Amino acid sequence: MSGISAHVGRRIRLYRKMKNITIEVFAGMINKSKAAVSKYENGEISIDIETSKAYKVNIGAGLLSELGEQTAKVCEPGTAVIISDSTVWPLYGKIVETSLQSAGFSTLHFVFPAGESSKNIQTYTQILNFLAENHITRTDCLVALGGGVVGDLTGFAAACYLRGVRFVQVPTTVLAAVDSSVGGKTAIDLPAGKNLAGAFCQPSLVLCDTDTLNTLPEDIFRDGCAEVIKYGVLYDETLFSELLSSGMDFDRESVICRCVQWKRDVVMEDERDTGSRMKLNLGHTIGHGVEAKSDFSVSHGQAVSIGMAIAARAAAKLGLCSEICCEQIQKILQTFRLPVRTSYSAEDLYNYTLSDKKRAGGEIHLIIPRRIGLCDIIPTPIDHLKSFIQAGL
């Protein structure tokens with residue numbers, strides 16, 4: 001235990017010497033961000049994402065009927081292939097098809113069984129074959145209608161089919177709205193672990209109709225709240241306090257907007273996930289291990305919640321954050337009725353984290369909470385990882 005504590009302590013002392021540089025850069029990001037958010041008379045909020053490919057994230061109630069019009073601004077009308085799952089398609093497929101057709105698009109749809117178990121090479125290949133069999137070209141576009149699984153599969157197909165076609169994200173879950181639909185990460189799972197095959201592929205548009213959240217089952221809504229809480233722990237003490245006070249009755253549009261702004265700031269600074277963007281994986285390294293070990297019977301949000309709690313307990317035990325910080329993180333997760341414990345052993349979770357994307361040679365980048373609103377990226381030797389997990393169980 002003393003080995004990892006000493007190693008992390010040395011890293012933190014080094015990073016503290018650089019803090020003035022970090023603050024100066026971040027202040028510039030904030031100023032740029034404020035100028036890139038627009039609110040229109042109908043209440044719609046539009047956030048500009050200026051990465052290697054610029055696009056807008058439009059957030060508001062009742063936007064699905066405007067999808068065709070907004071898509072036509074970024075993709076000339078041709079064929080729009082709507083990719084969705086067996087839960088979302090019956091709810092919103094017709095309104096999306098009608099909107100796209102009214103804007104001049106012809107439409108096709110591909111629907112797969114809902115759930116993480118579909119996020120695999122078999123479903124991915126089926127989508128690619130469907131596109132090829134229907135002679136989809138680079139002038140056409142894909143539309144991801146659903147949650148994170150739908151967005152990841154559609155984005156990865158868009159990245160690889162014909163070496164790249166345009167796609168639009170239409171998130172219908174909290175998790176997808178605040179996190180996975182923005183930033184261009186796309187992937188499928190492999191038997192060895194989660195999100196191990198994928199590509200960076202920015203969408204042409206993200207359209208988030210907050211009315212779609214009204215049909216979410218409570219457990220799916222709560223799942224997405226783990227990602228919302230993550231932003232509070234990482235960057236936003238005020239958001240954290242508001243969530244702790246309101247619980248699941250938070251202002252959805254306002255909170256989604258704030259989370260997307262934080263995600264935008266990070267992605268614009270580090271689009272390819274080689275530096276500060278790694279912080280967005282708070283709770284994910286260990287959480288992905290929980291998901292994989294459970295054969296994905298533990299949902300992503302529940303697993304991230306467990307991962308954040310383990311990281312907080314380990315950090316407190318190793319003297320990297322206060323007991324108060326640790327208790328605050330566990331309290332807010334429990335307020336949202338998210339799990340903070342797992343029955344899996346450190347050995348179980350360690351074996352799955354060896355495939356984590358944040359591993360670099362003999363080190364893995366751990367995201368460590370220091371206090372609410374501030375976390376550090378700590379490169380940690382792999383041989384210290386198991387003791388870190390054990391400290392947090």
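The structure we're discussing is the one just above.
Only a predicted model underlies this, so the values are computations on that prediction, with no experimental measurement involved.

Participant: Even after reading the chapter, I still don't get the sheet that holds strand S11 (residues 359-360), so can you show me in this structure?
Facilitator: Strand pairing within a sheet occurs via backbone hydrogen bonds; the two strands may be parallel or antiparallel. Read across the open sheet, the 3 strands follow the order S11-S12-S13; overall the sheet is antiparallel. At either end of the open sheet lies a strand with only one pairing partner, and these are S11 and strand S13 (374-381). Together, strand S12 (363-371) and S13 form the strand contacts of helix H8 (residues 218-234), whose direction differs from that of S13 by roughly 95 degrees.

Participant: What exactly am I supposed to notice about the side chain of His365 here?
Facilitator: The residue His365 is located in strand S12 in this model. Of the residues examined, His365 reaches a relative accessible area of 14% and is grouped as buried. In this structure His365 touches Met278, Thr285, Lys358, Ala360, Ile377, Ile378 and Pro379, once residues within four positions along its chain are discounted.

Participant: Explain the environment of Gly275 here, please?
Facilitator: In this structure, Gly275 sits in the loop between helix H10 (252-269) and helix H11 (284-293). For Gly275 and His365, which are 90 residues apart along the polypeptide, the C-alpha to C-alpha distance reads 9.9 Å. Not counting chain neighbours up to four residues away, the residues in contact with Gly275 comprise Asp270 and Ile377.

Participant: I tried to follow the nonpolar core on my own but got confused; where do I start?
Facilitator: One broad rule of soluble globular proteins: the nonpolar side chains tend to lie buried together. Judged by nonpolar contacts, the single largest core of 78 residues is most densely connected at Val57, Ile59, Ile229 and Leu333. Element by element, the count of residues in this core is highest for helix H12 (residues 300-317), at 10 residues. Setting aside anything within four residues of it in sequence, one finds Ile59 in contact with Gly43, Glu44, Ile45, Ile47, Cys208, Thr210, Glu253, Ile256, Cys257 and Val260. Grouped together as the second largest cluster of nonpolar side chains are 23 residues, Tyr124, Ile136, Val149 and Ala157 included.

Participant: Sorry if this is basic, but what is going on with the pairing of strand S3 (residues 54-60) here?
Facilitator: Remark: a regular strand shows side chains that alternate across the two faces of the sheet. Burial within S3 is extensive, with 5 of its 7 residues counted as buried. Taken together, the 6 bridges between strand S2 (residues 45-50) and S3 define a ladder with antiparallel strand orientation. Bridge pairing in S3 places Ser46 opposite Asn58. Where S2 folds back on S3, the antiparallel hairpin that results is connected by 3 residues. One ladder, built from 4 bridges, connects S3 with strand S10 (residues 205-209); its direction is parallel. Bridging from a neighbouring strand, Ile59 pairs with Cys208 of S10.

Cut-off values and rules
- Residues numbered from 1 in each chain as written.
- Predicted model: local features only at pLDDT ≥ 70, side-chain atom pairs only at ≥ 80, totals over all residues.
- Heavy atoms only, no water.
- Pairing = 2+ DSSP bridges.
- Helix = DSSP H or I, 4+ residues; strand = E, 2+ residues; numbered from the N terminus.
- Contact = heavy atoms within 4.5 Å.
- Axes fitted to C-alpha atoms, helices over the stretch in contact; angles between N-to-C directions.
- Buried < 20%, exposed > 50% of the residue type's maximum accessible area, 1.4 Å probe, protein only.
- Core = buried A, V, L, I, M, F, W, Y, C linked by side-chain atoms within 4.5 Å.

Nothing here speaks to function; it is all geometry.
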